[in-house]
Amino acid sequence: MFKPFTLTRRGALLAAAGAGAGLAACSEEVRFDPLPLPDGPFKHGVASGDPDQTSLVVWTAVTAEGDARTTLDIATDETFNTIVETRELAPREGVIAVNGARPMKALIEGLEPGREYFYRFRHGGEVSPVGKTRTLPDGPVDRFRIAAFSCSNYPFGFFNAYRDAANEGFDLMVHLGDYIYEYGHGGYGTEDAERLSRVPDPMHETLSEEDYARRHALYCSDPDLQAAKAAAPWILIWDDHETANDSWRYGAENHDPETEGDWFTRRDNALRAYHDWLPVREAEPLKKRYGAVEIGDLATLVFLETRLTARSEELTLDSFPIDPTSDPEDPENRAAVQRWRDEVIGDPERRLLSDTQRAFVGEALSASVQAGKPWRIIANQVLMGRLEAPNYMTQTPLWLRAYMRLRGGFVWEFAQRTAHDVPMNLDSWDGFPADRERFYQTAREAGADFVVITGDTHNTWVNDLYDGQGNRVGTEFGVTSVTSPSPFEAVNAPGVDFGKMAEDRNPEILRNNAWDKGYTRLTLTRDELIAEQMILSTIKEREFSVRPDGVWRVRPANGGPVPQVEKIG
């Protein structure tokens, strides 16, 4: 989870400061009735995913007593006059039923490249909603549209971003992680759950396979998510909350082995439920979910796994080398902090990617360049661009500093540490700078420029990416959350623009919207990539409007210098 340089278990320190100073005005206490579930056996909708040129996965869940076997139809027309395949499906042996619902999926092969298909399921005389999907194109492609999402916390608000995207005719939906959250009622992001009738199921934090299955089933019951899943194929990658907050190779910040048991058991419970309830292919082992797909002659989409296969444990401020009250201008203090950055944060053994995964990425990038494709899209979990914390001791108004000092504790320590030139978030690539340079070196050796799409932060970002030698290597679009709260939105500080502070402090950061929810639209052609970062008027109401926070254009390098992203709207 993205959080400004924290010591606390979950929250952002500045958000904690705002909570004491007075929360921003809440919406009127309108209470919402629960959203109704569809009648019949297909209460959890239909979905498709992980497409390539000739195959894809289709999914549904069947709520039925006894035999759950179901018939699948695939057709080239919405009226099913031309059915190309019919087959019988059954749930995986041993799959856990949730309130009688058993998920099932199938890999459909032998399809035509770049072809639109329709699919439905039949059980006991009932027919599911019709899903629309398509294989990825082969050969010339003039235009391709992608919707990118991240951080969808069910209790915190309505999935209006999914509802908007469902009606936009995208070729592909990409989810960048934190598709579900593990917390129980009363935990992170649940303060509005009862008013919105979006209470998590189970009510406690997820630990067992059944817990995770129930949480996935809850999400699949949402009509807006159902609409988006039925509208286009999906590719999903996980971040941490699909297992537990700040997960890494051997554990997680939000996992206590003393009270919650073995980490690997919990991880495997989460991954089994993830693969049962989503339209995804199954790797061996399940944690090895990274890969690449080709979008004709236009693009290569590489998707990373940065949590469970290789990630080193997240650093905390326990290793900070000096007292935060020390003079930041003192040469000895500055030298001590720099050594800490170089030797502790910069330890070359700290990594997000295994050597095997990085080699795979290098081969995919090289093949893409050799094929003459103008675009390489990297689907990535955590912020890649460099983000130094603004100096909140000088950049915040006097009254806010006075309040933080009065509050004391972690809040005041955090503000004081920002005077010492510290990274904002050590859970991102900033906590693994040597591995970031290795990634950039891999791209450089492939001769590849790239565009990164990133989740995690609950903020909108546009970042100009540079390697350690000052060479521009690509562009990053940080995708804001579907619903999850920004670390800053609880700070009642009128006139204080924390996003602008980040922009002013960091040359790589061209835009940071620190509050709004939404998603990102990408339109790829041979000559340009257009990114529209869409923001919603609200996630606390069913009625909403949507507008772009900004419209940005990237030009392909085509073997030359990497162009800087341009704001065009």
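Please read these numbers as outputs of a predicted model, since none were measured by experiment.

Enquirer: What is the right way to read the overall build of the chain from this model?
Expert: Looking only at helices and strands, one finds 13 helices and 24 strands in the chain. For a compact globule of 569 residues, the expected C-alpha radius of gyration is about 25 Å, and the chain comes in at 23 Å, within 12% of that figure. Seen through its C-alpha atoms, the chain measures out along the principal axes to roughly 75 × 55 × 45 Å. For the chain, long-range pairs separated by at least 24 residues make up 72% of all intrachain contacts whose partners lie at least 6 apart in sequence. Split by element, the accessible area of the chain, about 21000 Å² in all, is 48% carbon and sulfur. Here the chain carries 62 positive and 91 negative side-chain charges, and the mean point of each set is 2 Å from the other.

Enquirer: Hey, could you run me through empty space enclosed by the protein in this one?
Expert: Using a probe with the size of a water molecule, rolled over the atoms, empty space left in the structure can be pinpointed. Within this structure, the stated rule accounts for 3 cavities of 30 Å³ or more. As a volume, the largest cavity reaches approximately 50 Å³. Mapped onto the lining of the largest cavity, the elements with two or more residues apiece are strand E16 (375-380), strand E17 (450-454) and strand E19 (472-478). Within the lining of the largest cavity, the residues separate by chemical class into 6 nonpolar, 2 polar and 3 charged.

Enquirer: Help me understand the sheet that holds strand E20 (residues 509-513) in this model?
Expert: If you trace the 7 strands from one edge of the open sheet to the other, you get E14-E15-E16-E17-E19-E18-E20, paired in mixed fashion. Two strands in the sheet have a free side with no partner beyond their single neighbour: strand E14 (291-295) and E20. Going from strand to strand, the sheet's axes swing by 20° on average, the running direction of each strand aside. As defined by bridge partners, strand E18 (residues 460-466) adjoins E20 across 4 bridges and the pair is classed as antiparallel. Looking at the pairing, Trp461 lines up with Asn512 of E20. Each of E16, E17, E18 and E19 is contacted by helix H12 (residues 433-446), which is oriented at about 145° to E17, the strand it contacts most.

Enquirer: Before we go on, may I ask you to explain the state of the cysteines in this structure?
Expert: Among covalent bonds in proteins, the disulfide is the one between the sulfur atoms of two cysteines. Considering all chains together, one arrives at 0 disulfides under this definition. Take Cys220: it sits in no disulfide, and the sulfur closest to it among the cysteines is that of Cys151, at 18 Å.

Enquirer: What is the right way to look at the packing of helix H3 (residues 209-220) against helix H6 (residues 263-277) in this model?
Expert: Helix packing for two helices is described by the angle between their axes and how far apart those axes are. Direction vectors running N to C along H3 and H6 enclose 35°, while the axes themselves pass 8 Å from each other. Along this stretch, H3 crosses H6, giving a crossing that reads as right-handed. Along its contact with H3, which presents Glu209, Tyr212, Ala213, His216, Ala217 and Cys220, the element H6 presents Arg266, Asn269, Ala270, Arg272, Ala273, Tyr274, Asp276 and Trp277.

Enquirer: I'm lost on the pairing of strand E1 (residues 46-49) in this one. Help?
Expert: Consecutive side chains along a regular strand alternate between the two faces of the sheet. Judged by which residues are buried, E1 turns out to be covered on both faces: Val46 and Ser48 on one side and Ala47 and Gly49 on the other are all buried. As judged from the 4 bridges shared by E1 and strand E2 (residues 56-63), these two strands associate in the antiparallel manner. Each bridged residue has a counterpart across the sheet, and for Gly49 the counterpart in E2 is Val57. Taking the residues between adjacent antiparallel strands as the criterion, E1 and E2 are bridged by 6 residues, where Asp50 takes a positive phi near 50°.

Enquirer: How do you make sense of the environment of Val546 when you look at a structure like this?
Expert: Along the chain, Val546 falls in strand E23 (residues 546-554). Overall, the relative accessible area of 28% leaves Val546 in the partly exposed class. For Val546, the contacting residues outside a window of four places in its chain are Asp164, Met534, Ile535 and Leu536.

Enquirer: Mind showing me how you'd approach the packing of aromatic side chains here?
Expert: Aromatic ring pairs: the centre-centre distance and the angle between the two ring planes describe each pair. Enumeration according to the criterion identifies 27 aromatic pairs in this entry. Members of the aromatic cluster, each reached through a chain of ring pairs, are Phe149, Tyr154, Phe159, Tyr162, Phe170, Tyr179, Tyr219, Trp234 and Tyr519. Above the plane of the ring of Phe80 lies Arg120, whose end atom (NZ or CZ) is 4.1 Å from the centre. Over the face of the ring belonging to Tyr154 we find Arg198, whose NZ or CZ atom lies 3.9 Å from the ring centre.

Enquirer: Looking at this structure, I do not really get helix H13 (residues 498-505). What am I missing?
Expert: Along an α-helix, residues three or four apart share an orientation, since each turn contains 3.6 residues. Of all the residues in H13, the buried ones are Phe498, Gly499, Met501, Ala502 and Glu503. Taking the backbone nitrogen of Gly499 as reference, a side-chain oxygen 3.1 Å away marks Asp497 as the first, capping residue of H13.

Enquirer: What should I look at first to understand the nonpolar core in this one?
Expert: If you look at soluble globular proteins, the nonpolar side chains tend to sit buried side by side. Among the nonpolar cores identified, the biggest contains 53 residues, and Phe149, Tyr162, Met173, Tyr179 and Trp277 are the most heavily contacted of them. Of all the secondary-structure elements, those providing two or more residues to this core are E2, strand E9 (144-149), helix H2 (160-166), H3, helix H4 (223-231), strand E11 (234-236), H6 and strand E22 (529-536). Leaving out residues up to four positions away in the same chain, Met173 has contacts with Ala147, Phe149, Ala165, Ala166, Ala228, Ala231, Ala232, Pro233, Trp234 and Ile235.

Enquirer: Where do I start with the pattern of salt bridges in this structure?
Expert: Opposite charge on two side chains makes pairing possible when the charged atoms of those side chains draw close. Inspection of the entire model under this criterion finds 53 salt bridges. Note that Arg134 is salt-bridged to Glu116, the shortest N-O span being 3.5 Å. Here Glu116 lies in strand E6 (residues 116-123) and Arg134 lies in strand E8 (residues 131-134), a separation of 18 residues in the sequence. Across the pair Asp435 and Arg358 runs a salt bridge, and its minimum N-O distance is 3.7 Å. Taken as a pair, Asp435 in helix H12 and Arg358 in helix H8 (residues 355-370) lie far apart in primary sequence, 77 residues in all. A residue is classified by how much of its surface remains accessible, and Asp435, at 1% relative accessible area, is buried. With a relative accessible area of 14%, Arg358 lands in the buried category. Three or more residues joined by partner-sharing salt bridges are found here, namely Arg92, Lys105, Glu209, Arg272, Asp276 and Glu282.

Enquirer: Explanation requested: the packing of H8 against H12 in the structure shown.
Expert: In contact at an axis separation of 8 Å, H8 and H12 are set at 30° when each is read in the N-to-C sense. Taken together, the axes of H8 and H12 lie roughly parallel to each other. Read as a crossing pair, H8 and H12 show a hand that is right-handed. Along its contact with H8, which presents Arg358, Val361, Gly362, Leu365, Ser366 and Val369, the element H12 presents Asp435, Arg438, Phe439, Thr442, Ala443 and Ala446. Residues of the contact of H8 with H12, tallied by class, amount to 6 nonpolar, 3 polar and 3 charged.

Enquirer: Honestly, the confidence of the model for the chain in this entry has me stumped. Any pointers?
Expert: The predicted coordinates should not be examined in detail at positions where pLDDT is low. Overall, the predicted model of the chain reaches an average pLDDT of 94, with 95% of residues at or above 70. Per-residue pLDDT stays below 50 along residues 5-27; that stretch engages in 66 contacts with residues further than four places along the chain or on separate chains.

The rules behind these values
- Residues numbered from 1 in each chain as written.
- Predicted model: local features only at pLDDT ≥ 70, side-chain atom pairs only at ≥ 80, totals over all residues.
- Heavy atoms only, no water.
- Helix = DSSP H or I, 4+ residues; strand = E, 2+ residues; numbered from the N terminus.
- Rg over C-alpha atoms; globule rule 2.2 N^0.38 Å.
- Contact = heavy atoms within 4.5 Å.
- Areas by Shrake-Rupley, 256 points an atom, 1.4 Å probe, with all protein chains shown as cover.
- Lys, Arg positive; Asp, Glu negative; His and termini not counted.
- Charge placed at Lys NZ, Arg CZ, Asp CG, Glu CD.
- 1 Å grid on protein atoms, 1.4 Å probe; cavity = no way out; pocket = protein on both sides within 12 Å on 5 of 7 lines; lining within 4 Å.
- Points joined across faces, edges and corners; volume = space filled by probe spheres on them.
- Nonpolar A, V, L, I, M, F, W, Y, C, P; charged D, E, K, R; others polar.
- Pairing = 2+ DSSP bridges.
- Axes fitted to C-alpha atoms, helices over the stretch in contact; angles between N-to-C directions.
- Disulfide = S-S within 2.5 Å.
- Left-handed = near helix turned anticlockwise from the far one by under 90°.
- Buried < 20%, exposed > 50% of the residue type's maximum accessible area, 1.4 Å probe, protein only.
- Phe/Tyr/Trp six-rings, centres within 6.5 Å; stacked < 30°, edge-to-face > 60°.
- Lys NZ or Arg CZ within 6 Å of the ring centre and 35° of its normal.
- Polar contact = N/O pair within 3.5 Å; in protein donor to acceptor, adjacent residues only side chain to side chain.
- Core = buried A, V, L, I, M, F, W, Y, C linked by side-chain atoms within 4.5 Å.
- Salt bridge = Lys/Arg side-chain N within 4 Å of Asp/Glu carboxyl O.
- Parallel < 35°, antiparallel > 145°, perpendicular 65-115°, else oblique.
- pLDDT = per-residue confidence, 0-100.

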